[in-house]
Amino acid sequence: MTTTDTAAPVAPATAAPLRLGALEVWPPVVLAPMAGITNAPFRTLCREQSGGKGLFVSEMITTRALVERNAKTMQLIHFDPSEQPRSVQLYGVDPETVGRAAKMIAEEGLADHIDLNFGCPVPKVTRKGGGSALPYKRNLLRDILRQAVRNAGDLPVTMKMRMGIDDDHITYLDAGRIGAEEGVAAIALHGRTAIQHYSGQADWSAIARLRETVPSHVPVLGNGDIWSADDAARMVRETGCDGVVVGRGCLGRPWLFKELVSVFEGEIDYARPDFGYVARTMVRHAELLGEWIGDEKRGVVDFRKHVAWYTKGFSVGSELRNALATTSSLAELEDHLSRIDAAQHWPDSADGPRGRTSGAARVVLPEGWLDDPYDCAVPSADAELDTSGG
Ligand SMILES: Cc1cc2nc3c(=O)[nH]c(=O)nc-3n(C[C@H](O)[C@H](O)[C@H](O)COP(=O)(O)O)c2cc1C
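This text gives an overview of the structure that appears in the document. None of these values were measured; they are calculated from a predicted model. (Residues numbered from 1 in each chain as written. Predicted model: local features only at pLDDT ≥ 70, side-chain atom pairs only at ≥ 80, totals over all residues. Heavy atoms only, no water.)

### Thoughts on the pairing of strand S7 (residues 157-164)
The side chains of a regular strand alternate between the sheet's two faces.
And then number 1: Within S7, 8 of the 8 residues are buried, which leaves it mostly tucked inside the rest of the structure.
And then number 2: Across 5 bridges, strand S6 (residues 113-118) lies against S7 in parallel orientation. Bridge assignment links Asp115 to a residue of S7, and that residue is Thr158.
And then number 3: Here 6 bridges tie S7 to strand S8 (residues 186-193), and the two strands are oriented parallel to one another. When the bridges of S8 are listed, Thr158 appears paired with Ala186.
And then number 4: Considered for its hand, the β-α-β crossover made up of S7, helix H7 (residues 172-181) and S8 is right-handed. (Buried < 20%, exposed > 50% of the residue type's maximum accessible area, 1.4 Å probe, protein only. Helix = DSSP H or I, 4+ residues; strand = E, 2+ residues; numbered from the N terminus. Pairing = 2+ DSSP bridges. Right-handed = clockwise from strand over helix to strand, strands pointing away.)

Encoded structure:
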């Protein structure tokens, strides 16, 4: 891959390894769980770039589907033998079911780390009291964390959340204290409220406040709007966080992981490949998806959602761009890609924000949800049906 230093480097981030129970993660860089994206093939591509360093979290898995051994869920929890440590994200609303899921993972050796999702803002989740709506119910949150930590045995359990529902219902400091009291191994904060979805800019000062609030033995991980190694270094310096969680910046850009690792190791190696390298990675990504799904065509069809991210900023032409987004076989994909100038340099416009940027949207909550932050009613079981995304 061609790497060039075109921007003035910022001071490297100084940080210690991230300790999650018995696990030690170096550097403290985590691939954010992204539903529909961070499956085994994508995690493999990112890990290859990082030289196996860092932590790569699975797509979120609903606890109810897991304990019921739903076939699709059992595929989602599949890890490639090369993945070490194996990190799984769970989404659940019922303390008992979350506890059963954690126990199953621990007893059956399905993963080495469990992350719990309390950040999902999508209406079909918050409407039932799940995701980013849940930390508002302090006692329910406590129960879920307690059951997860108790049943996970020696496995570290971490939590990931947003700042709250909206500016009038900020929950992250309470939730962080509760998490620490219940023994979570780390706390990740996306510096947005649920109502913001992906609009505006992540508020990194909230990450700093969480770091000041939570006892120092519990690592705080910062998340939101890291698009480059410089951003990661800046977040660590500005907030004092113990590590970073990176999501959208890696979409169509698994080599960002190489850059992220390099900044923590003392020297930024800007990973800016030419199009030839990008095209080879695209084919490999589609191939891995096909192997994972067990069907080449379905793999290529699943890959279509990644095309616009990989080709962002490159000169491709609208006709080929459309053709790439409707490809049905690896041969077709390779053929289309061979018509694009492989020598093109990484364009400046491929840096910066990418992926979801949806604007503020009303947070739909169950009736009376905000009346009492302390009641412990468990949301109905269908809060876990057909949920995805964060
Ligand atoms: C497509 C997509 C799917 C996501 N799915 C999840 C998820 O399953 N669990 C979760 O905790 N967060 C999820 N998120 C949120 C990310 O983990 C992350 O918190 C968010 O994108 C902000 O980080 P970023 O600015 O680095 O992207 C998702 C985000 C995107 C864009």
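### Details of the sheet that holds S6
Pairing between the strands of a sheet comes from backbone hydrogen bonds, and it takes one of two forms, parallel or antiparallel.
And then number 1: Taken together, the 8 strands give a closed barrel; going around it, the order is S3-S4-S5-S6-S7-S8-S9-S10, and neighbouring strands pair in parallel fashion. Neighbouring strand axes in the sheet, compared pairwise and without regard to direction, differ in orientation by 30 degrees on average.
And then number 2: Relative to strand S5 (residues 87-91), strand S4 (residues 55-62) runs parallel, the two being bridged by 4 bridges. Along S5, the bridge assignment pairs Thr62 with Tyr91.
And then number 3: Helix H6 (residues 138-151) contacts S6 and S7 of the sheet and is inclined by roughly 170 degrees relative to S6. (Axes fitted to C-alpha atoms, helices over the stretch in contact; angles between N-to-C directions. Contact = heavy atoms within 4.5 Å.)

### A short note on the packing of H6 against H7
And then number 1: Across the interface, H6 lies against H7 with an axial gap of 9 Å and an inter-helix angle of 30 degrees. Of the possible angle classes, the one that applies to H6 and H7 is roughly parallel. As H6 runs across H7, the sense of the crossing is right-handed. Within the contact between the two elements, H6 uses Arg138, Leu141, Arg142 and Leu145 and H7 uses Asp174, Ala175, Ile178, Gly179 and Glu181.
And then number 2: Considered class by class, the residues forming the contact of H6 with H7 number 4 nonpolar, 1 polar and 4 charged. (Parallel < 35°, antiparallel > 145°, perpendicular 65-115°, else oblique. Left-handed = near helix turned anticlockwise from the far one by under 90°. Nonpolar A, V, L, I, M, F, W, Y, C, P; charged D, E, K, R; others polar.)

### A word on empty space enclosed by the protein
And then number 1: Counted by the stated rule, this structure contains 2 cavities of 30 Å³ or more.
And then number 2: At the level of elements, S4, S6, S7 and S8 are the ones that each hand at least two residues to the lining of the largest cavity.
And then number 3: Tallied by class, residues from the lining of the largest cavity come to 11 nonpolar, 2 polar and 2 charged. (1 Å grid on protein atoms, 1.4 Å probe; cavity = no way out; pocket = protein on both sides within 12 Å on 5 of 7 lines; lining within 4 Å. Points joined across faces, edges and corners; volume = space filled by probe spheres on them.)

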